[in-house]
Amino acid sequence: MKPLLLGALILAATNAQAKDTYPPVELLLQTDTSIIGEPLEYPTGQAEITMAIVTMQPGQQTGDHRHDAPLAAYVLEGEITVDYGDAGTRVYRTGDAFVEAFRSTHAGVNTGSGIARILAVFAGSDAVSNTVAED
């Protein structure tokens, strides 16, 4: 009986230790819609993840554009203001996480006093462009 009890205690301690050794996870964002309420969907084709850091100088503008693949963004530094037309304007600052407008035209400008750096992660495919400039 004692060996069985000892084995159970060792197993329990091992499982508890394994749970405690995984680093903590801080959830930044979980959603099924864009920042302006559009439902997200993955494009057809071969799945393709693209990660990039967008760096904008003070006053620099993106021009009108849209994203044909879902885009999760995290502001690493600075401030950017995005105009979504009829859906309004939003200001994002260091530490903000959001899913950018999906298939809707919008434009951003660095409204801060320093550079803005944004980590952009696209969940796209080989069949669509992540970003499309609007004329």
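Residues numbered from 1 in each chain as written. Predicted model: local features only at pLDDT ≥ 70, side-chain atom pairs only at ≥ 80, totals over all residues. Heavy atoms only, no water.

A. Expanded view of unusual backbone geometry. Phi at R103 is positive, roughly 65°, even though this residue is not glycine. Looking at the secondary structure, you find R103 in the loop between β6 (97-99) and β7 (107-110). Judged by its relative accessible area of 41%, R103 is partly exposed. (Helix = DSSP H or I, 4+ residues; strand = E, 2+ residues; numbered from the N terminus. Buried < 20%, exposed > 50% of the residue type's maximum accessible area, 1.4 Å probe, protein only.)

B. Focus on the environment of G63. With respect to the secondary-structure elements, G63 resides in the loop between β1 (47-56) and β2 (65-67). Setting aside its immediate chain neighbours within four residues, G63 contacts H106 and A107. (Contact = heavy atoms within 4.5 Å.)

C. Here's a closer look at the pattern of salt bridges. In total, this model carries 5 salt bridges according to the counting rule given. R66 is paired through a salt bridge with E134; the nearest N and O atoms lie 2.5 Å apart. Here E134 lies in the segment after β9 (131-133) and R66 lies in strand β2, a separation of 68 residues in the sequence. Among the residues examined, E134 registers a relative accessible area of 28% and is labelled partly exposed. As a salt-bridge pair, E79 and R93 come within 3.0 Å of each other at their nearest N and O atoms. Here the residue E79 occupies a position in strand β4 (residues 79-83), and R93 occupies one in strand β5 (residues 89-93), the gap between them amounting to 14 residues. (Salt bridge = Lys/Arg side-chain N within 4 Å of Asp/Glu carboxyl O.)

D. Summary view of the sheet that holds β6. On the basis of which strands lie adjacent, the open sheet formed by 4 strands has the order β1-β8-β3-β6 and antiparallel pairing. If you trace the sheet from one side to the other, it starts and ends with β1 and β6, each paired once. Averaged over all adjacent pairs, the angle separating strand axes in this sheet is 20°, with direction ignored. Bridge count for strand β3 (residues 71-77) against strand β8 (residues 116-125) is 6 bridges, and the pairing is antiparallel. Directly across from E77, in β8, lies its bridge partner R117. (Pairing = 2+ DSSP bridges. Axes fitted to C-alpha atoms, helices over the stretch in contact; angles between N-to-C directions.)

E. Structural context of the environment of T94. Looking at the element boundaries, T94 is found in the loop between β5 and β6. Taking the C-alpha atoms as reference, T94 lies 8.0 Å from Y74; in sequence the two are 20 residues apart. At 3.0 Å, the side chain of T94 forms a polar contact with the backbone nitrogen of G78. (Polar contact = N/O pair within 3.5 Å; in protein donor to acceptor, adjacent residues only side chain to side chain.)

F. Structural context of the side chain of S34. Take S34: it is sitting in the loop between α1 (2-21) and β1. A distance of 2.6 Å separates polar atoms of two side chains, one belonging to S34 and the other to E38. Look past the residues within four positions of S34 in its chain and what remains in contact with it is L40, V99, E100, A101 and F102.

G. Just the packing of aromatic side chains, in detail. Counted under the stated rule, the structure contains 1 aromatic pair. Between the aromatic rings of Y92 and F98, the centroid separation amounts to 3.8 Å while the plane-to-plane angle is 10°, which identifies the pairing as stacked. A relative accessible area of 5% means that Y92 is categorised as buried. Taking relative accessible area as the criterion, F98 reaches 5% and is therefore assigned buried. (Phe/Tyr/Trp six-rings, centres within 6.5 Å; stacked < 30°, edge-to-face > 60°.)

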